[in-house]
Amino acid sequence: MSYSFTVNEQSVEIESAGLTSLLSVLRDELGLLGAKLGCGEGRCGACTVLVDGAPAAACLYPVANADGSDVLTVEGLPQGSEQLTPVQDALLAHGGVQCGACIPGVVMTLTALLEQHAHPKDSDVRSALTGNICRCTGYQKIVDAALAAAETNGDPR
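This one's a predicted model, so the numbers in the text were calculated from it and none came from an experiment.

Novice: So what exactly am I meant to see when it comes to the environment of lysine 141 here?
Specialist: Tracing the backbone shows lysine 141 in helix H6 (residues 140-151). A sequence separation of 45 residues divides lysine 141 from glycine 96, and the C-alpha atoms of the two residues are 4.9 Å apart.

Novice: Help me understand helix H1 (residues 22-29) in this model?
Specialist: Owing to its 3.6 residues per turn, the α-helix brings residues three or four apart onto one side. Buried within H1 are the following residues: Leu22, Leu23, Val25 and Leu26. Relative to the axis of H1, the buried residues are bounded by an arc of 170° and lie together on one face. Packed against the buried residues of H1 are strand S1 (2-7), strand S2 (10-15), strand S3 (48-51), helix H2 (63-66) and strand S5 (70-72). Positive phi shows up at glycine 31, right after H1, with a value of about 70°.

Novice: What am I meant to see in the pattern of salt bridges here?
Specialist: Side chains that carry opposite charge are capable of pairing whenever their charged atoms lie near each other. Evaluated as defined, the whole model comprises two salt bridges. When the shortest N-O distance is used, the salt bridge between arginine 43 and glutamate 41 registers 3.5 Å. On the basis of relative accessible area, arginine 43 is assigned to the exposed category, the value being 60%. Between arginine 126 and aspartate 122 there is a salt bridge, with its nearest N and O atoms 2.7 Å apart. Within this pair, arginine 126 and its partner aspartate 122 are both found in helix H5 (residues 122-128), separated by four residues, close to a single helical turn.

Novice: How should the domain arrangement of the protein chain be read in this particular structure?
Specialist: A common way to state how big an interface is: give the accessible area lost once the parts meet. In terms of domains, the protein chain is made up of domain 1 (2-76) and domain 2 (86-151). Each of domain 1 and domain 2 has a C-alpha centre, and these two points are 21 Å apart. Across the contact, 13 residues belong to domain 1 and 13 residues belong to domain 2. Regarding the contact of domain 1 and domain 2, the summed buried area is about 1000 Å², with carbon and sulfur atoms giving 62% of it. When the area that domain 1 buries against domain 2 is broken down by residue, the three leading residues are Cys44, Leu50 and Val74, summing to 39%. Counting across the domain 1 and domain 2 interface gives zero salt bridges. Our count for the contact surface shared by domain 1 and domain 2 stands at three residue pairs in polar contact (both at pLDDT 80 or more). For the side of domain 1 that touches domain 2, a count of residues per class yields six nonpolar, five polar and two charged.

Calculation rules
- Residues numbered from 1 in each chain as written.
- Predicted model: local features only at pLDDT ≥ 70, side-chain atom pairs only at ≥ 80, totals over all residues.
- Heavy atoms only, no water.
- Helix = DSSP H or I, 4+ residues; strand = E, 2+ residues; numbered from the N terminus.
- Buried < 20%, exposed > 50% of the residue type's maximum accessible area, 1.4 Å probe, protein only.
- Arc of directions from axis to C-beta.
- Contact = heavy atoms within 4.5 Å.
- Salt bridge = Lys/Arg side-chain N within 4 Å of Asp/Glu carboxyl O.
- Domains from an automatic or database assignment.
- Buried area = accessible area lost by both parts, 1.4 Å probe.
- Polar contact = N/O pair within 3.5 Å; in protein donor to acceptor, adjacent residues only side chain to side chain.
- Nonpolar A, V, L, I, M, F, W, Y, C, P; charged D, E, K, R; others polar.

Structural data, given as structure tokens:
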């Protein structure tokens, strides 16, 4: 089957079985390696992307469901040391980045959170992060970073 959708503001058309995971399409067909295969069960958050603005576990998300949708991956966010998003800047400033396996998913989860809630509380951030596992930093530095990014009052992207 053929599926058409937008990835990082670029129109794509994919020939694939409908149950192929969005993660496989992103990594294997489109070469977008930011979202990672972690658990393969939708529990770790390493594969988190935004589909129509909402976080989605791309390892479980059938490409057929993406048809007609807008998909945003970490590669679609500004890149480079002078163009980091407030979320990325805050994660770096607060020591919320270590090995990098979970960070693309965390960035996408926090981007969605700050787009939906300009001034989240600590409990809002922790709730949003329940689908993201980080084995290196613990979570306090990530939560601190999210709250700091919210203080910028700007677009999280």
